[in-house]
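# Chains, contacts and geometry: an overview
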Amino acid sequence: MNGPSPLSEGERELILAYAAGVAGCAFVCGAHSEVAYAWGVEEGTIAKLLSDPETAPVSPRLKVLLAFVRKLMLTPGEVNQSDADAVFQAGWDEDALHGAIAVTARAAFMQRLVQGFGFTPLTHEVAVEHAKKRVKLGYVNMYPAFQTKE
């Protein structure tokens, strides 16, 4: 989520939140919406994308990528070369498409994890607090047990 990519950190978080949102996972969507906003995405953008993607305040180029993400999240067996070609025609490269696919896969994984365990969505205040930590520390550094010792 924080490594090298043609997608900015904010775009990756927006993709994760959007993918979770279209799949109906309030926990992941809410948490990662706040991280996207902490990275500078306009507040409320993900809700607008979920309610009306056509009028949401994102670039036409990003809308094409998000259409791919939506299809991959909801009907993965129907994704085909023409979907990838639309992403390329919008000006994205293979690295960006790979990143979007990986982030969408993470959203699907996290949805099954949190819904399987019965997690309830975070309060707005807690989600904002966690988002600030993610932006400051990244993902791995939020969990000291996973840091490598030198």
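For the structure itself, look to the data block above.
Here goes a summary of the coordinates provided. (Residues numbered from 1 in each chain as written. Predicted model: local features only at pLDDT ≥ 70, side-chain atom pairs only at ≥ 80, totals over all residues. Heavy atoms only, no water.)

### So, the overall build of the protein chain
Put simply, the rule reads: Strands are runs of DSSP state E lasting at least 2 residues, helices are runs of H or I lasting at least 4, and numbering of each runs from the N terminus. Throughout, exposure labels follow a simple rule: accessible area from a 1.4 Å probe, protein chains only, divided by the maximum for the residue type, with under 20% read as buried, over 50% as exposed, and the rest as partly exposed.
Each helix and strand counted, the protein chain has 7 helices and 0 strands in total. In the protein chain, the succession of helices and strands from N to C terminus is α-α-α-α-α-α-α. The C-alpha extent of the protein chain, read off along each of the three principal axes, is 45 × 35 × 30 Å. Going through the 150 residues of the protein chain one by one, you find that 37% of them count as buried.

### Topic: the packing of helix 1 (residues 9–22) against helix 4 (residues 60–74)
Rules: Note on definitions: angles span 0 to 180 degrees between N-to-C directions of axes, and those axes are lines fitted to C-alpha atoms, for helices only across the stretch in contact. Orientation is classified from the angle alone, with under 35 degrees giving roughly parallel, over 145 giving roughly antiparallel, 65 to 115 giving roughly perpendicular, and any other angle giving oblique. In this scheme the crossing of two helices becomes right-handed for a clockwise turn of the near helix relative to the far one and left-handed for an anticlockwise turn of less than a right angle. The contact criterion used throughout is that any non-hydrogen atoms of two residues lie within 4.5 Å. Any residue outside Ala, Val, Leu, Ile, Met, Phe, Trp, Tyr, Cys, Pro, Asp, Glu, Lys and Arg is labelled polar, Gly included; the first ten of those are nonpolar and the last four are charged.
In the contact formed by helix 1 and helix 4, the axes pass within 9 Å of each other and the chain directions differ by 45°. It follows that helix 1 is oblique to helix 4 by the angle criterion. Crossing of helix 1 over helix 4 shows right-handed handedness. Only Leu62, Leu65, Leu66, Val69, Arg70, Met73 and Leu74 of helix 4 make contact with helix 1, whose side of the interface consists of Leu14, Ile15, Tyr18, Ala19, Ala20 and Val22. Residue classes in the contact of helix 1 with helix 4 are distributed as 12 nonpolar, no polar and 1 charged.

### Considerations on a nonpolar patch on the surface
For clarity, the threshold we go by: Patches in this entry comprise residues that are over 30% relatively accessible and not in a salt bridge; like charges within 9 Å are linked, as are nonpolar side chains (Val, Leu, Ile, Met, Phe, Trp, Tyr) within 5 Å. Only the protein chains shown count as cover for residues, and the accessible areas themselves come from Shrake-Rupley with a 1.4 Å probe. Each reported salt bridge corresponds to a side-chain nitrogen of Lys or Arg within 4 Å of a carboxyl oxygen of Asp or Glu.
Judged by side-chain polarity, Phe109, Leu113, Phe117 and Phe119 come together as a nonpolar surface patch covering roughly 450 Å² of accessible area. With respect to the helices and strands, the residue Phe109 is situated in helix 6 (residues 94–116). You can call Phe109 exposed: its relative accessible area is 52%.

### Structural notes on the side chain of Gln111
Selection criterion: Residues adjacent in sequence count toward polar contacts only when both atoms are side-chain atoms; beyond that, a polar contact is any pair of N or O atoms within 3.5 Å, and within protein one must be able to donate a hydrogen and the other to accept it.
Relative to the elements of secondary structure, Gln111 occurs in helix 6. On the accessibility criterion, Gln111 (9% relative accessible area) is buried. At 3.1 Å, the side chain of Gln111 forms a polar contact with the backbone oxygen of Ala23. In this view, Gln111 contacts Ala23, Cys25, Val28, Met73 and Gly116; residues no more than four positions away in its chain are not counted.

### Some words on the packing of aromatic side chains
The following threshold applies: Geometry of aromatic contacts follows a simple scheme: Phe, Tyr and Trp rings, the Trp one being its six-membered ring, pair when their centres are within 6.5 Å, and the pair is stacked under 30 degrees between planes, edge-to-face over 60, tilted otherwise.
Taken as a whole, this structure holds 2 aromatic pairs when the rule is applied. Each ring, one from Phe27 and one from Phe119, has its centre 5.4 Å from the other, and the planes form 70°; the classification is edge-to-face. In this pair, Phe27 is assigned in helix 2 (residues 26–38) and Phe119 in the loop between helix 6 and helix 7 (124–137), connecting sequence segments 92 residues apart. Assessed through its relative accessible area of 18%, Phe27 is described here as buried. When its relative accessible area of 44% is taken as the criterion, Phe119 is described as partly exposed.

### Looking at the packing of helix 4 against helix 6
One way to put it is that helix 4 packs onto helix 6 with a least axis distance of 10 Å and a crossing angle of 40°. With respect to helix 6, the axis of helix 4 lies oblique. When the axes of helix 4 and helix 6 are compared, the crossing they make is right-handed. Of the residues in helix 6, those in contact with Leu65, Phe68, Val69, Leu72 and Met73 of helix 4 are Leu97, Ala100, Ile101, Thr104, Ala107, Ala108 and Gln111. A breakdown of the residues in the contact of helix 4 with helix 6 according to their chemical character gives 10 nonpolar, 2 polar and no charged.

### What about the pattern of salt bridges?
A complete count under the given rule lists 3 salt bridges for this structure. The closest approach of N and O atoms between Glu42 and Lys48, which form a salt bridge, is 3.9 Å. Relative accessible area serves as the criterion here: at 45%, Glu42 is assigned to the partly exposed category. For Lys71, the salt bridge identified is with Asp83, shortest N-O distance 3.0 Å. Taken together, the positions of Lys71 in helix 4 and Asp83 in helix 5 (residues 81–89) put the pair 12 residues apart, joining distant regions of the chain. With a relative accessible area of 16%, Asp83 lands in the buried category.

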